[in-house]
Amino acid sequence: MNYKSLSRFTALILLIEAALMSPALILAIVFHEPRSTAAYLETLAIILILSGLFFLLSRGEKADDFYEKEGLACAGISWIVLGLTGALPFFLSREIPAFIDAFFETVSGFTTTGASILSEVESLDKSLLYWRSFTHWIGGMGVLVFLLALVPRGTRGSGFTMHILRAESPGPDVGKLVPQIGRTARILYLIYIALTALDVILLSFDMPLFDAFCIAFGTAGTGGFAVTNAGLGGYSPYIQWVTTLFMFLFGVNFSCYYLLLRRQPRSVLKDEELRFYFLTFFLSGLIMGLVIHPAGGNLEESMRASYFQAASIMSTTGFATVDFNLWPSVTKGILIFLTILGASAGSTGGGMKCIRIQLIFKDLRSNLKRMIRPGRISLVRNNGRPVSDNVLENLRTYLSAYVLIALISFLLLTIDGKDLTTSVTAMLACFNNVGPGFGEVGPMGNFGSFSVLSKLVLIFDMLAGRLEIFPIIALLSRTTWKHD
Amino acid sequence: MKIIIAGVGKVGASLTAELAADGHDITLIDTRSDVLERLCTQYDVMGLEGNCATMQVLKDAGAAEADLLIAVTNADEINLLCCVTAHQLNPRIHTIVRIRNSEYTSQIMELRDVFGLSLIVNPERSAAWEIERLLRYPGFLTRESFAKGQVELVEFRIDADSPLSGVTLKNLPSVLKTRVLICAVMRGNGITLPGGDFELQAGDRIYMTAPARELSNILRNLGVITHRVKRVILGGGGRISFYLAQMLERDGIQVQIIDQDRARCEDLARKLPTVSISCGDITDPSVLEREGIASSDAFVALTGLDELNIVMSLYANSQKVPIVITKQGRIEELQDIISGLSLGSVISPKQLCSDIVVRYVRSMRDTTGETALTVQTVAGGQVQACEFVIGPGTLHKDTPLIELNKKIKPGILIPAIFHEGTVTIAGGSSRYQEGDTVIVISTINKNIVRFNDIFA
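Note that the structure is a prediction, hence the values are computed from the model and not measured. (Residues numbered from 1 in each chain as written. Chains lettered and ligands numbered in written order. Predicted model: local features only at pLDDT ≥ 70, side-chain atom pairs only at ≥ 80, totals over all residues. Heavy atoms only, no water.)

**Student:** Break down the overall build of chain A for me, with residues and values.
**Tutor:** Within chain A, the secondary structure is distributed over 22 helices and two strands. Rg of the C-alpha trace for chain A: 22 Å, near the compact-globule value of 23 Å for 484 residues, within the 12% margin. Principal-axis analysis of the C-alpha atoms gives chain A an extent of 70 × 65 × 50 Å. Among the 484 residues that make up chain A, the fraction classed as buried is 59%. When contacts within chain A are restricted to residue pairs at least 6 apart in sequence, those whose partners lie at least 24 apart make up 72%. Accessible surface computed for chain A: about 19700 Å², of which carbon and sulfur atoms make up 67%. Of note, chain A has its 38 positive side-chain charges centred 12 Å away from the centre of its 34 negative side-chain charges. (Helix = DSSP H or I, 4+ residues; strand = E, 2+ residues; numbered from the N terminus. Rg over C-alpha atoms; globule rule 2.2 N^0.38 Å. Buried < 20%, exposed > 50% of the residue type's maximum accessible area, 1.4 Å probe, protein only. Contact = heavy atoms within 4.5 Å. Areas by Shrake-Rupley, 256 points an atom, 1.4 Å probe, with all protein chains shown as cover. Lys, Arg positive; Asp, Glu negative; His and termini not counted. Charge placed at Lys NZ, Arg CZ, Asp CG, Glu CD.)

**Student:** Go over the pairing of strand β16 (residues 323-327) of chain B with me, naming the residues and quoting the values.
**Tutor:** Residue and element names in this part refer to chain B. Across the five residues that make up β16, a large majority, five, are buried. Because side chains alternate across β16, one face comprises the buried residues Ile323, Ile325 and Lys327, and the other comprises Val324 and Thr326, equally buried. Pairing of strand β15 (residues 298-301) with β16 involves four bridges; the strand directions are parallel. When the bridges of β16 are listed, Phe299 appears paired with Val324. For the crossover that starts at β15, traverses helix α12 (residues 306-318) and ends in the parallel β16, the hand is right-handed. Across three bridges, the pairing between β16 and strand β17 (residues 345-347) is parallel. In the sheet register, Lys327 faces β17, and the bridge partner there is Ile347. (Pairing = 2+ DSSP bridges. Right-handed = clockwise from strand over helix to strand, strands pointing away.)

**Student:** Describe in detail the domain arrangement of chain B, supporting the description with residues and values.
**Tutor:** Residues and elements named next belong to chain B. Split by domain assignment, chain B resolves into domain 1 (2-121), domain 2 (131-221), domain 3 (228-321) and domain 4 (365-454). Taking only C-alpha atoms, the centre of domain 2 and the centre of domain 4 are 19 Å apart. Opposite the 22 residues of domain 2 that make contact, domain 4 presents 23 residues. Taking both partners together, domain 2 and domain 4 bury about 1900 Å²; carbon and sulfur atoms supply 73% of that area. At the junction of domain 2 with domain 4, the criterion picks out zero salt bridges. Where domain 2 packs against domain 4, one counts zero residue pairs in polar contact (both at pLDDT 80 or more). The leading source of residues in the side of domain 2 that touches domain 4 is strand β9 (residues 181-187), at five residues. (Domains from an automatic or database assignment. Buried area = accessible area lost by both parts, 1.4 Å probe. Salt bridge = Lys/Arg side-chain N within 4 Å of Asp/Glu carboxyl O. Polar contact = N/O pair within 3.5 Å; in protein donor to acceptor, adjacent residues only side chain to side chain.)

**Student:** Requested: an account of a positive patch on the surface, with residues and values cited.
**Tutor:** All names here are of chain A. Among the surface-exposed residues, Arg365, Lys369, Arg373 and Arg376 lie close enough to one another that they form a single positively charged patch. Positionally, Lys369 belongs in helix α17 (residues 354-372). Looking at Lys369, the relative accessible area reads 33%, which means it is partly exposed. (Patch = residues over 30% accessible without salt bridge, like charges linked within 9 Å, V, L, I, M, F, W, Y side chains within 5 Å.)

**Student:** Can you break down the pairing of strand β8 (residues 151-157) of chain B residue by residue, with the values?
**Tutor:** Sheet faces and side chains relate simply in a regular strand, where the side chains alternate between the two faces. Residue and element names in this part refer to chain B. Most of β8 sits inside the fold, with six of its seven residues counted as buried. Relative to β8, strand β7 (residues 142-146) runs antiparallel, the two being bridged by five bridges. If you follow Glu144 over to β8, its bridge partner there is Leu153. Linking β7 to β8, which pair antiparallel, is a turn of four residues; within it Ala147 sits at a positive phi near 45°. Here β8 runs beside strand β11 (residues 205-211); their pairing, made up of seven bridges, is antiparallel. When the sheet's bridge partners are listed, Phe156 is paired in β11 with Ile206.

**Student:** So what's going on with the packing of helix α5 (residues 99-110) of chain A against helix α20 (residues 452-466) of chain A? Which residues, and what values?
**Tutor:** Residue and element names in this part refer to chain A. The contact between α5 and α20 brings their axes to 10 Å, and the two run at 20°. Viewed along their axes, α5 and α20 adopt a mutual orientation that is roughly parallel. The chirality of how α5 crosses α20 is left-handed. Together, Ile100, Asp101, Phe103, Phe104, Val107 and Ser108 of α5 and Val452, Lys455, Leu456, Leu458, Ile459, Met462 and Leu463 of α20 make up the contact between the two elements. Here the residues of the contact of α5 with α20 sort into 10 nonpolar, one polar and two charged. (Axes fitted to C-alpha atoms, helices over the stretch in contact; angles between N-to-C directions. Parallel < 35°, antiparallel > 145°, perpendicular 65-115°, else oblique. Left-handed = near helix turned anticlockwise from the far one by under 90°. Nonpolar A, V, L, I, M, F, W, Y, C, P; charged D, E, K, R; others polar.)

**Student:** Can you break down the interface of chain A and chain B residue by residue, with the values?
**Tutor:** A common way to report how large an interface is uses the accessible area buried once the components associate. At the interface, 18 residues of chain A touch 17 residues of chain B. Connecting chain A to chain B are five salt bridges. Summed over the shared surface of chain A and chain B, the number is nine residue pairs in polar contact (both at pLDDT 80 or more). In terms of residue class, the side of chain A that touches chain B is made up of six nonpolar, six polar and six charged.

**Student:** How would you explain the side chain of Asp306(B) if you had to name every residue and give the values?
**Tutor:** Residue and element names in this part refer to chain B. Mapped onto the elements, Asp306 comes out in helix α12. As a buried residue without a salt bridge, Asp306 has its nearest oppositely charged side chain in Lys327, at a separation of 5.5 Å. Those residues in contact with Asp306 that sit more than four places away from it in its chain are Lys327, Gln328, Gly329 and Arg330.

Structure follows, in C-alpha cells:
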C-alpha cells in the first residue's frame, strides 16, 4: 500500500470539499443564519487543518506505484472522509444534535441516496438545506472524477489514475471517452453542469430560485433530498413533469450524450442498454398508471404520479409526489424491482444498473446452452461486440457480493425489531441509493427511529452501493493494508 | 495532437511511454487485449482491440480526426495496408510506418509517395548504421551527432590506467589539450551532471561533448590506441547482421557471421556472396575460437536473445577483443544489471527507432521551430540530449551562460553552441543568439520539449 499517495489524495479531496463548501458559507451569511455561519467556519477550519496534516504525512519521496489496490482504497477512504467532514455543519450548528444522524444524513447525500433521518426539513437553516442538496450534486458525478478533471495533460504516472476512475464510476466496464483521463473527466463534468443548468432554468419558471437550485441538485445527482415536507407533491404539474424528464435523463449513460455531441445519434439509438432502460421505464410507468387509475379519475393525474414515481425510483433519485406506500401490492412489486434494477452504467444513478441485469441474463442463457449442449460455443455480446471473460467474471463476483451484503445487512437490521417490509426495503433503498422504501421508511416516513447499529449498517450499504461494493470491501481486507 | 499507434510490441510500448509523457491524445490498436489492458492502466491512453488495417477499427480509433498514425505491428504488409486505409479515411493524416523486411527496403523509397508515407523507420537498419559508426571510430562506447555532424556526444568508460582517473573536471582541458565538456557521469547506476570540482574515478562512464574534428586528438591524448578495424565477427545472423555486413563490406572491413540456423546461414550466403558465413552453436566457445575471436578487431553480439548476447559479449571481452558491441532488446528493464557488466557498447534497436519517431512527432507538433530538432537518449535512457534552434521567442538571448545558470533548472546543461558554422564548447562567457543551434543535456525526468522549458 502506497500510504504517501493515499494521504496526498485525501488531502486534495479535503481541499476540494472545502472549496465546494464555501458557497454554503456565503449563503449562511447572506440569509443571516449566525449558528450555521459559525458551524461552516469551524468546519472549514477543521477541514483545512486535516488537509494540512495529510499533506505533511504525504511529504517525502514520491512513489509512482499506484495500482488497483491503491485506486480502490483511495476511493473508499475519500468517501468516508467526505461523509465525516461533510456532516460537521449539521452537527456543529446543533440542527442535527446526534453526530451519527448527521453522518447518516451526509453519507445519504453524497451517495445520492436521499434517505433522511429528519422528520421535518422546513425548519432547517436554508444554507444547511442547500448544503444537503449540494452533496447530492457532488456525489452524483463523483468527487474523485472532479479531481481527475484537474489533472494536467501528460502528468507522469497519470495512467494509473484509470484505477480511480474505475473505482468511482458506476458500471461493469468503465472506459474513457477520449484518450486522456483529464479531458474525459472534464467532458463528463461539462455535460453534467450543462444538464443541471438547463434543469434549474426550466424549474425556475414555476418555483423560487432557491428551491429550483436544490431540486435540480437532487435531480442531477439522482439524490432525492427535497426542501419541503411534502416532497415534490406541493409543486405544480409542470414542475413534476420537468423533474420526471430530468430524473430519467440523469439516469442515462453520459457517454450517450457525448456521442450526441459528436453527432452520432445512430449509435445512441442502437445502444442496447438505453433501449432497455427506456422500455422498462415506459412500460412500468404505464402499468402502474393503469393500476392506480381510479374509475372516473383524471388520467393525466394518475399517469403523472405513476411516471414520476417510475423515473424517481428507477433513476434511484427517490423524490415522491404521492405516498406510494398506499398503492396496491403489484405497483409496490414493480417499484422494488426498479429499485434493484437501477439506472444505466456511467450515469449518476445507483442500483445494479440495467447493463448488469442484461449481461446477467445473457450470461445465464449462454451457460444454460452450454449445459444442454456441451461443446456449443456461445458468446455474450453487448451492442454486437463480445463481452470479455474478465468483465463477466467481475460481474459474477459483484452479484455474489451484492447478495451476501444484502442478506447480512438485512439480518443486522432485523435486530431493531421493525416489521419485515420496513427492514427489507430500508436495506434495499439504501443499498441501491434510492432513498424511500415502504412501511416506516416510505416516502412520507424517515430513518430517524433506527438504532445506531442499524444506521451504521445502512451507512455501509449506501457507501457500498454508490462505489459498487469493491472499494468499500477492499478497505476491510488485510491484503489492502499490507506493505509490499 | 491526436496519435494512433497500431501495434504495441516493444517499439509501440516504448513510443506510448514517451508520447504520453509529451501530453498527446493516444489511441492504441492491437489484437491482444491483455497487452492493451496493461498499457492502458500504465499510461494515460486509450486502447482498441482489433485489426488495425480494417476501415472499421481505424474509424473507431478516430483516424478521421487523427494527426498521425504510427504503424508498428510485426508485419510489414499490415503496416502498409494500415497506412493506406487510414489515408483513405483522412487524406491529411501523417503516417509513420515500420518496414523491416530487407526485400522491401530498396523498393519502399520509390513507393513512398504511392502509399503516402511520411516517414519509414527500419529499426534493424538504424541499429546497423549506428554500429557501423562505432566501428569506424573505435574508442567510444556510443556516439551521437548534433548540428549536422559537427558536434559529437561520445561515451567512454574510464579504466584504472586511464590518464583521466582521479582528475577533477577543472583540470580536464590541460590533460586532453582540447576544449571539451563532460555532460554526464554514470557511476554505478546513478547519473550526475557534474560541476567543476567533480573528480573522475576508474569505472565511471562519462558522456562528453566535443567538436567532431577533435575526436581523434582526444583519443590520442587519452592514450587509447586506435587500430583501424579490419576484421569483425557478428554473432547471430538476423536482419541487423545482414544490413551491417553490407555496410562493412562497403567500408572494406572483413566480416564473419556465425549463426546456428542452417537455413538462415544459407539464405545469408545467397544474399551476401563475399561474406564468410559459418553455421555453428555460438554458445560453444570452441566455435568462436575456431572463427578466431581472439585475433579479431571487433565482436558484435546480435542474436535475438538478450541473455545470449550478454554471455557472448562477456566471453569476447575475456578474450581481449578490443571492441565489443552488444545488442539489447529490452534495455530499460535490465539497465541496472547490465551497466555493471563489461559489455562494451550497448545498442538498442527499439530505443533508436522510438527516438527517430519521437523526433519526427516533436518537429511535427511545432512548426514554429521551438521544439527540439533532434532528441537522443543516452545512458540507458537516463539522460536526454536535445538540439534546439534559437527562435525569436526564446528567452534570455545574448546573456552570458554564467548569469543564465541561475535561471536554469538544476539538472540541465548547455554544453555546446553552434554559431554561424562554428562550434563553441560552452564556457561561462558563451552566449546564444537568434539562429544559433544549441544543445541541451538534461536528466530524463525534466521533460524538456521546448527550449524555454529549461528555465525555472
